[in-house]
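Inside the fold
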Amino acid sequence: DDDDDDDEGVFVVSRKYAVRAADNEAFRAAAKAYVVDTTRNEQCAHVYARQVSNATTYYLFEVWHSEAAHDEHKAGDVAKRFAKKTKKMLAADAVHSESMHLPAAWLPSADDGSA
């Protein structure tokens, strides 16, 4: 079925950050600010930050209306500011990132009470 390949899909990005213990609170504050700023972008359907129980691993999950919208955001001030601010807080140089396209129908709508 090709219905899932139309323009109504969304683009999902997840990133995993390993943070130095000494920078845990500063990273948490930066991630919170990033979520607030990214939520203001009308092309972002959802953005979440989650801290893993070991307290120094964080995940950011973003759902964008399109891959192009994510690319535009990634090149913009909010994403660049977050990357610059947190770069020296990371325990490892690399941030593990994954992305995929999903059908928009898989997301709960704002009016069904499940969002």
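Moving on, we come to the overall build of the chain. For the chain, the count of helices and strands is three helices and four strands. Listed N to C, the secondary structure of the chain is β-α-β-β-α-α-β in terms of helices and strands. The buried share of the chain, taken over its 115 residues, is 30%. In the structure as shown, the chain presents an accessible area of about 7700 Å², 51% of it carried by carbon and sulfur atoms.

Another aspect to go through is the environment of valine 10. Within the secondary structure layout, valine 10 lies in strand E1 (residues 10-18). Taking the C-alpha atoms as reference, valine 10 lies 9.9 Å from alanine 69; in sequence the two are 59 residues apart. The contacts of valine 10, once residues within four sequence positions are left out, are Val63, Trp64, His65, Met100, His101, Leu102, Pro103, Ala104 and Leu107.

Before going further, it helps to examine the nonpolar core. With 19 residues, the main nonpolar core has Tyr17, Val19, Phe27, Leu60 and Phe82 as its most contacted residues. Taken together, the elements giving at least two residues each to this core come down to E1, helix H1 (24-39), strand E2 (44-51), strand E3 (57-64) and helix H3 (77-86). At five residues, H1 tops the list of elements feeding residues into this core. When sequence neighbours within four positions are dropped, the list of residues in contact with leucine 60 reads Val13, Ser14, Arg15, Tyr17, Tyr34, Val35, Tyr48, Ala49 and Phe82.

Our focus in this paragraph is the environment of tyrosine 48. Its place among the elements puts tyrosine 48 in strand E2. Judged by its relative accessible area of 37%, tyrosine 48 is partly exposed. Counting along the chain gives 15 residues from tyrosine 48 to valine 63, while the straight-line C-alpha distance between them is 9.0 Å. For tyrosine 48, the residues in contact, after removing those within four places along its chain, are Val35, Tyr59, Leu60 and Phe61.

Moving on, we get to the packing of H1 against H3. The N-to-C vectors of H1 and H3 enclose an angle of 175 degrees; their axes lie 10 Å apart at closest approach. Between H1 and H3, the crossing angle belongs to the class labelled roughly antiparallel. Residue-level inspection shows Phe27, Ala30, Ala31, Tyr34, Asp37 and Thr38 of H1 in contact with H3, the latter providing Val78, Ala79, Arg81, Phe82, Lys85 and Thr86. Broken down by class, the residue content of the contact of H1 with H3 amounts to seven nonpolar, two polar and three charged.

How each quantity is defined
- Residues numbered from 1 in each chain as written.
- Predicted model: local features only at pLDDT ≥ 70, side-chain atom pairs only at ≥ 80, totals over all residues.
- Heavy atoms only, no water.
- Helix = DSSP H or I, 4+ residues; strand = E, 2+ residues; numbered from the N terminus.
- Buried < 20%, exposed > 50% of the residue type's maximum accessible area, 1.4 Å probe, protein only.
- Areas by Shrake-Rupley, 256 points an atom, 1.4 Å probe, with all protein chains shown as cover.
- Contact = heavy atoms within 4.5 Å.
- Core = buried A, V, L, I, M, F, W, Y, C linked by side-chain atoms within 4.5 Å.
- Axes fitted to C-alpha atoms, helices over the stretch in contact; angles between N-to-C directions.
- Parallel < 35°, antiparallel > 145°, perpendicular 65-115°, else oblique.
- Nonpolar A, V, L, I, M, F, W, Y, C, P; charged D, E, K, R; others polar.

Fair warning: the whole summary comes from geometry, so function is off the table for now.
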